[in-house]
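Reading the structure
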Amino acid sequence: MSCFSESIPVRVYYEDTDHGGVVYYANYLKFMERGRTEFLRAIGLELDAIETEFGILFAVTEAHVRYQTPARFNDLLEVDTSLIEMRGARLAFTQTIYHQATRRQLCTATIRLACINRESAACRIPAPLIKILQNHLNKEHI
């Protein structure tokens, strides 16, 4: 199989919910941020080390999210993350959040990021990172 995906568990805490006990829509983006961070960690890349070594950061430029079914207080979720695109200064990930026990799909997203330097200017992804990321690109989406 040509697909690398990283999956992490996320517990819904009271602070993640609105007055009705449903996960507040923006908190799914937090869960996805954790998923992307753990994806990179799983392939040997730490965000702070990338900044220190290469002087770059990744900034979200687009988030297309489709909410399907709400998560609720105390649910255990699973966040699946796959890298689907890498070009120049851009990365794109697909992410899906599931209810862990039922495998019910709660939301899906495509998140696009830009590689930026410390002055917030777009810059190309450094070649050593491209080499590592290329080996984990989900070729099923290309």
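A few points on the structure. Numbers given for residues are sequential positions, taken from 1 along each chain in its written order. Local features in a predicted model are, by the rule used here, given only for residues with pLDDT of at least 70; side-chain atom pairs are given and counted only at 80 or more, and totals for whole chains, interfaces and linings are based on all residues. The side-chain figures draw on all heavy atoms in the structure; neither hydrogens nor water molecules are used.

Our next topic: the overall build of the chain. A run of H or I in DSSP becomes a helix once it reaches four residues, and a run of E becomes a strand once it reaches two; helices and strands are each numbered from the N terminus. Each helix and strand counted, the chain has 3 helices and 5 strands in total. Helices and strands in the chain line up, N terminus first, as β-α-α-β-β-β-β-α. Computed over C-alpha atoms, the radius of gyration of the chain comes to 16 Å, within 12% of the 14 Å expected from 2.2 N^0.38 for 142 residues, which places it in the range of a compact globule. Referenced to the eigenvectors of the C-alpha coordinate spread, the extents of the chain come out at roughly 45 × 35 × 25 Å. Of all 142 residues assigned to the chain, the portion counted as buried reaches 42%. When contacts within the chain are restricted to residue pairs at least 6 apart in sequence, those whose partners lie at least 24 apart make up 68%. Counting 16 positive and 17 negative side-chain charges, the chain places the centres of these two groups 5 Å from one another. Each radius of gyration is computed over the set of C-alpha atoms, and the globule rule expresses the reference value as 2.2 Å times the number of residues to the power 0.38. The buried label applies to any residue whose accessible area, calculated with a 1.4 Å probe on protein chains only, is under 20% of its type's maximum; exposed applies above 50%, and partly exposed to all values in between. The contact definition used throughout considers only heavy atoms, calling two residues in contact when any of these lie within 4.5 Å. For the purpose of counting charges, residues Lys and Arg are taken to be positive, whereas Asp and Glu are taken to be negative. His and the chain ends are not included. Where a charge sits is defined by one atom per residue type, namely NZ (Lys), CZ (Arg), CG (Asp) or CD (Glu).

Attention now goes to the side chain of Q95. Structurally, Q95 can be placed in strand β4 (residues 90-99). Counting of polar contacts relies on pairs of N or O atoms within 3.5 Å, with two restrictions inside protein: one atom must be capable of donating a hydrogen and the other of accepting it, and residues adjacent in sequence are counted only when both atoms are side-chain atoms. Within the local environment of Q95, its side chain forms a polar contact with the side chain of R36, the two groups lying 2.8 Å apart. For Q95, the contacting residues outside a window of four places in its chain are M32, G35, R36, V79, D80, T81, C107, T108, A109 and I111.

With that settled, consider a nonpolar patch on the surface. On the surface, a cluster of nonpolar side chains totalling about 400 Å² of accessible area is made up of Y24, Y25, L29 and Y67. Here Y25 is to be found in the loop between β1 (6-11) and α1 (27-42). Patch membership needs two things, relative accessible area over 30% and no salt bridge, and members are linked within 9 Å if like-charged or within 5 Å if nonpolar (Val, Leu, Ile, Met, Phe, Trp, Tyr). Surface accessibility follows the Shrake-Rupley procedure with a 1.4 Å probe radius. Residue values consider only the protein chains on display as shielding. For this document, the term salt bridge refers to a Lys or Arg side-chain nitrogen within 4 Å of an Asp or Glu carboxyl oxygen.

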